[in-house]
Amino acid sequence: MESSTTITESDSDTKNITSGTREKWGRDIEFMLSCIAYSVGFGNIWKFPYTALKYGGGAFLLPYLIVLFVVGRPIYYLEMVLGQFSSRGVVKLYDLAPAMRGIGVAQTIAMFVVMTYYAPVLAITFRYFVASFSSTLPWSECDPSWANCINSSFTGKQNTSNVSSLVKSSAELYFNIDITHKAPSLDNGLGMPDWRLTLCLLFAWIVVATILVRGAKSTGKASYFLAIFPYVIMVVLLIQTLLLDGAMDGIMYFFKPQWDQLLSVKVWYEAVTQCFFSLSVCYGGIVAYSSFNNFSNNVHRDAVIISWLDTFTSIIAGCIVFGVIGNLAYVSGEPDIQKLASSGAGLTFITYPDAIAKFQFLPQLFAVLFFLMLFVVGVGSNLGVTTSIITAIRDQRPDLKHWWVVAATVTVGFFLGLLYLTPGGFEFLDVVDYYGAKYVSLTFAVLELATVAWIYGVDRICRDIQFMLGMSTSLYWRLCWGVIAPIATLLILIFSFTEFELQKVPVGYNVLGIFIYALAVLQLPGWYIYAVRRRRRKQTESLRKAARNALKPLDVWGPEDDELRSRYLAEEEQFEQSKTAPLGWGQRIRRRVFNAA
């Protein structure tokens, strides 16, 4: 399909993008720090260490770094380029191919799903942070009402042969009974939210709303703290961890390679999904943040720095977590470290608190530092999630006041977040995340890459970069964008469907999850039909011609500044006129992928 010729469409919605100058970051460094705060989050702290341990230990790092190099980083850079070049959010971005606008809408749906459960996890984190100031850590000792409980503060060597398998640590029982009031299943519904967690959720949203209410400038100022402070705490925690007995055993176990795992497709699948989850690509947050950039900001430098820093953070977090688990294995007498590492929230709210309770020197201090770090990185990520949604709304309705949109978004987020603070909340979270975030993001990652690389064209992306930054694009980026990243994500999506299975919850919850996924998927044909019908209504075109032209950029596509956009369109028109002879399909593909003009 040809896509480089722009078309004229007198649409008031598309003209909104040029009705005023978009708000910008105070400084370029604020953009990079905000992206660091957004990308470095729960995925680095709890998901990466457990995933690496489960799928090959040190051997997992090899496929992860390969995937980062040929998929994660190229997509990260691509989304930065598109957002900065066009000054558009993830929905208006598809002025480059209006028939595919459903991709941006679906990604906003996925981001909305993530927003509903991100703040509740923050609420639980803040609840632990407050509890850490107690004279005795409340999860370190058993409550008299808890049966089959052993104090997490116990530091003697346990004789595992004499310990019943029914015995649970006080940290686990504290999380399940006192914090979440966990229900055994969803058979009896979600239940009512805990009032203390409700107050913590309200506090979390107030923090986010306070930072967002003034837009990119206030977010940028907050980024200095949100991006830098967690690393200060991580250094302190890493030093303390290395001093613990058995810590090096845990860290060595974390890095110990299991080379046979490299032959497993599942490992490569997990590497790609971890890369997407960790960098937060194909959700819209990176596009939204970069849309507030100055037009000439060096996003190439930013993408390289942030992608490597994200990986470095994941490895450091893994050392901290498994150093602590190694100490837990040392004092508990459990020879199998893997048995002590819970997945997901359990790693953060059970395993780590259990280990901290065994610290002999000021366990409260390290509990405060750990949960403060977790809360801060969570706020940074939640800002990116919420900004993406706010940007999508204001791109469509720039007449709405910014603070109105912020207030409405956080209010909806608060009330929906209460669902996850119920006794069945974490099981409900797993269902919603499985259908509404994981599958939606993977599906539309494939479609995003196909649209940008194959319909809009890699060669045009390279010309856009040349126009914006004055730099040529290497074969590495073109090859990754045009071939490797789209094919890799497609194969991962196909593999994920072959592994698909309904969640082990009542059927109604699976129906809800499938409905969310279907709602997202139907955006694509819905918006395609809408774009074609509008073209036929405004232009005297056949159905076939309208379907083809609806994939071409609108006349308002390009830089936000009117003078820059006029010059850009003139250069594109000149480029079109330079193409004299018609090309075959093979020549078109080679031109799109490899020939940057």
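Not measured: the values here are computed from a predicted model. The residue count restarts for each chain, going from 1 along the sequence in the order it is written. At least 70 in pLDDT is required for a residue's local features to be given in this predicted model, at least 80 for side-chain atom pairs to be given and counted, and no such filter applies to totals for whole chains, interfaces and linings, which use all residues. Side-chain metrics in this entry use all non-hydrogen atoms of the structure; hydrogen atoms and water are not considered.

J.: Teacher, can you tell me more about the overall build of the protein chain here?
T.: Secondary structure assignment for the protein chain yields 22 helices and two strands. Expressed as a percentage of its 597 residues, the buried residues of the protein chain come to 58%. A contact between two residues is defined here by any heavy atoms of the two lying within 4.5 Å. Pairs at least 24 residues apart make up 84% of the contacts formed inside the protein chain by residues separated by at least 6 positions. Accessible surface area values rest on a Shrake-Rupley calculation with a 1.4 Å probe, where residue burial reflects the displayed protein chains alone. Accessible area of the protein chain: about 23900 Å², with a carbon and sulfur share of 63%. The way it works is that DSSP assigns letters per residue, a run of H or I at least four long becomes a helix, a run of E at least two long becomes a strand, and they are numbered from the N terminus. The rule is simple: take the accessible area with a 1.4 Å probe, protein chains only, and divide by the maximum for that residue type; under 20% is buried, over 50% is exposed, in between is partly exposed.

J.: Quick question: what am I supposed to make of the side chain of Asn 297 here?
T.: Mapped onto the elements of the fold, Asn 297 is located in the loop between helix 11 (285-290) and helix 12 (299-332). With a relative accessible area of 1%, Asn 297 lands in the buried category. Not counting residues within four places of it along the chain, the set of residues in contact with Asn 297 comprises Asp 28, Phe 31, Gln 84, Asp 302 and Leu 469.

J.: Would you mind showing me how to read the confidence of the model for the protein chain here?
T.: Atom-level detail of predicted coordinates should not be read off regions where pLDDT is low. Per-residue pLDDT for the protein chain has a mean of 84; in total, 89% of the residues score no lower than 70. The predictor rates its confidence in each residue with pLDDT, a number between 0 and 100. The low-confidence segment residues 1-19, where pLDDT is below 50, has 62 contacts with residues more than four positions distant or belonging to other chains.

J.: I tried to follow the pattern of salt bridges on my own but got confused; where do I start?
T.: Where charged atoms of side chains with opposite charge meet at close range, the side chains can pair. Take a side-chain nitrogen of Lys or Arg and a carboxyl oxygen of Asp or Glu: if they are within 4 Å of each other, that pair is a salt bridge. All chains considered together, the criterion is met by 15 salt bridges. When the shortest N-O distance is used, the salt bridge between Lys 24 and Glu 560 registers 3.2 Å. You can see Lys 24 sitting in the loop between helix 1 (12-15) and helix 2 (28-39) and its partner Glu 560 sitting in the loop between helix 20 (543-549) and helix 21 (562-578), a full 536 residues away along the chain. Summarising the burial analysis for this pair, Lys 24 and Glu 560 share the class buried. Linking Asp 459 and Arg 463 is a salt bridge whose minimum nitrogen-to-oxygen distance equals 3.4 Å. Remark: Arg 463 and Asp 459 occur in helix 16 (residues 425-469); sequence separation between them is four residues, near one turn of the helix. The residues Asp 459 and Arg 463 share a single accessibility class, namely buried. Each of Arg 88, Lys 92, Asp 95 and Arg 101 takes part in salt bridges that share partners, so that together they form one network.

J.: What should I look at first to understand the packing of aromatic side chains in this one?
T.: Where two aromatic rings form a pair, the distance of their centres and the angle of their planes describe that pair. Classification of ring pairs uses Phe, Tyr and Trp, with its six-membered ring standing for Trp, and accepts pairs whose centres are within 6.5 Å; under 30 degrees between planes counts as stacked, over 60 as edge-to-face, and the remaining range as tilted. For the structure on display, the rule yields 51 aromatic pairs. Seen in terms of ring centroids, Phe 370 and Phe 371 are 5.1 Å apart; in terms of plane orientation they differ by 75°. Their pairing is edge-to-face. Taking the relative accessible area as the measure of exposure, Phe 371 reaches 0% and is therefore buried. Ring geometry for Phe 414 versus Phe 415: centroids 5.1 Å apart, planes at 75°, classification edge-to-face. By relative accessible area, which is 14% here, Phe 414 ends up buried. Residue classification places Phe 415 among the exposed positions, given a relative accessible area of 53%. Of the aromatic side chains, those joined through ring pairs into one cluster are Tyr 128, Trp 139, Tyr 174, Phe 175, Phe 349, Phe 370, Phe 371 and Phe 426. Residue placement shows Arg 463 over the ring face of Phe 575; its charged tip is 3.7 Å from the ring centre. Cation placement over rings: the criterion is NZ of Lys or CZ of Arg within 6 Å of the ring centroid and within 35° of the ring normal.

J.: Would you mind showing me how to read the nonpolar core here?
T.: Nonpolar side chains in soluble globular proteins tend to end up buried together. Formed by 186 residues in total, the largest nonpolar core has its most connected members in Tyr 76, Met 80, Tyr 128, Trp 139, Leu 237 and Phe 349. Broken down by element, this core gets its largest block of residues, 24 residues, from helix 16. Setting aside chain neighbours within four positions, we find Met 80 in contact with Phe 31, Cys 35, Ile 286, Ser 290, Val 299, Asp 302, Ala 303 and Ile 306. Each nonpolar core is a collection of buried residues, namely Ala, Val, Leu, Ile, Met, Phe, Trp, Tyr and Cys, held together in the definition by side-chain atoms within 4.5 Å.

J.: Teacher, can you tell me more about a nonpolar patch on the surface here?
T.: Patch rule: a residue counts if its relative accessible area is over 30% and it has no salt bridge; like charges are joined within 9 Å, and nonpolar side chains (Val, Leu, Ile, Met, Phe, Trp, Tyr) within 5 Å. Taken together, the side chains of Trp 454, Ile 487, Leu 490, Leu 491 and Ile 494 define a hydrophobic patch exposed on the protein surface, amounting to about 470 Å² of accessible area. The element contributing the most residues to the nonpolar patch is helix 17 (residues 475-498), with four residues. Within the fold, Leu 490 resides in helix 17. With relative accessibility at 38%, the residue Leu 490 sits in the partly exposed group.

J.: Just to check I follow, could you spell out unusual backbone geometry for this structure?
T.: With glycine set apart, most residues show a phi of negative sign, and most peptide bonds adopt trans. In this model, Ser 87 sits at a positive phi of 55°, which is unusual for a non-glycine residue. Assignment of secondary structure puts Ser 87 in the loop between helix 4 (58-86) and helix 5 (101-131). Phi at Cys 282 takes a positive value of approximately 65°, unusual for a residue other than glycine. By secondary structure assignment, the location of Cys 282 is in the loop between helix 10 (265-279) and helix 11.

J.: Got a minute to help me understand the state of the cysteines in this structure?
T.: Note on terminology: a disulfide is the covalent bond linking the sulfur atoms of two cysteines. Pairs of cysteine sulfur atoms within 2.5 Å are what we label disulfides. Counted by the stated rule, this structure contains one disulfide. The thiol of Cys 275 is unpaired, and the distance to the nearest cysteine sulfur, on Cys 282, comes to 10.0 Å. Taking relative accessible area as the criterion, Cys 275 reaches 0% and is therefore assigned buried.

J.: So what exactly am I meant to see when it comes to the packing of helix 4 against helix 10 here?
T.: To describe two helices that pack against each other, one gives the angle between their axes and the distance between the axes. Relative orientation of the contacting elements helix 4 and helix 10 amounts to 45°, with a least axis distance of 9 Å. As far as their axial angle goes, helix 10 and helix 4 are oblique. Here the hand of the crossing between helix 4 and helix 10 comes out right-handed. Taking contact as the criterion, the partners of Phe 60, Pro 63, Tyr 64, Ile 66, Val 67, Leu 68, Val 71, Gly 72, Arg 73, Ile 75 and Tyr 76 in helix 4 are, on helix 10, Val 267, Trp 268, Glu 270, Ala 271, Val 272, Gln 274, Cys 275, Phe 276, Ser 278 and Leu 279. The residue classification treats Ala, Val, Leu, Ile, Met, Phe, Trp, Tyr, Cys and Pro as nonpolar and Asp, Glu, Lys and Arg as charged. All others, Gly included, are polar. Counted by class, the contact of helix 4 with helix 10 contains 16 nonpolar, three polar and two charged residues. A fitted line through C-alpha atoms represents every axis, and for helices the fit uses only the stretch in contact; the resulting angles, taken between N-to-C directions, go from 0 to 180 degrees. Each angle receives one of four descriptions, namely roughly parallel if under 35 degrees, roughly antiparallel if over 145, roughly perpendicular if within 65 to 115, and oblique otherwise. Crossing handedness is read from the near helix: turned anticlockwise from the far helix by less than a right angle, it gives a left-handed crossing, and turned clockwise, a right-handed one.

J.: I keep staring at the side chain of Thr 422 and nothing clicks. Help me out?
T.: Along the chain, Thr 422 falls in the loop between helix 15 (402-417) and helix 16. The exposure class assigned to Thr 422 is buried, which follows from its relative accessible area of 4%.

J.: In this structure, what is going on with helix 19 (residues 523-538)? I would like to understand it.
T.: An α-helical segment advances 3.6 residues per turn. Residues three or four places apart therefore align on the same side. With 16 residues, helix 19 ought to run about 22 Å at 1.5 Å a step, and its terminal C-alpha atoms sit 22 Å apart, in line with that. Turning to helix 19, its buried residues number three or more, namely Gln 523, Leu 524, Ala 531, Val 532, Arg 534 and Arg 535. For helix 19, the angular spread of the buried residues around the axis is 165°, confining them to a single face. Seen from the buried face of helix 19, the exposed residues on the opposite side, beyond 90 degrees, are Ile 529, Arg 533 and Arg 537. Looking at the buried residues of helix 19, the elements they touch are helix 5, helix 16, helix 18 (507-521) and helix 20. Expected helix span is taken as 1.5 Å per residue step, with the number of steps being one fewer than the number of residues. Directions from the helix axis toward the C-beta atoms define the arc.

J.: Help me understand the packing of helix 3 (residues 42-54) against helix 4, please; the structure alone is not making it clear to me.
T.: Closest axis-to-axis distance for the helix 3/helix 4 pair is 7 Å, and the angle between their directions is 115°. Here the hand of the crossing between helix 3 and helix 4 comes out right-handed. On helix 4, the residues touching Phe 48, Thr 51 and Ala 52 of helix 3 are Phe 60, Leu 61 and Tyr 64. Taken together, the residues of the contact of helix 3 with helix 4 sort by class into five nonpolar, one polar and no charged.

J.: Help me understand helix 2 in this model?
T.: With twelve residues, helix 2 extends 17 Å from end C-alpha to end C-alpha; this agrees with the ideal 16 Å at 1.5 Å per step. Counting buried residues in helix 2 gives ten out of twelve residues, a clear majority hidden from the surface. Buried residues of helix 2: Glu 30, Phe 31, Met 32, Leu 33, Ser 34, Cys 35, Ile 36, Ala 37, Tyr 38 and Ser 39, and no others.

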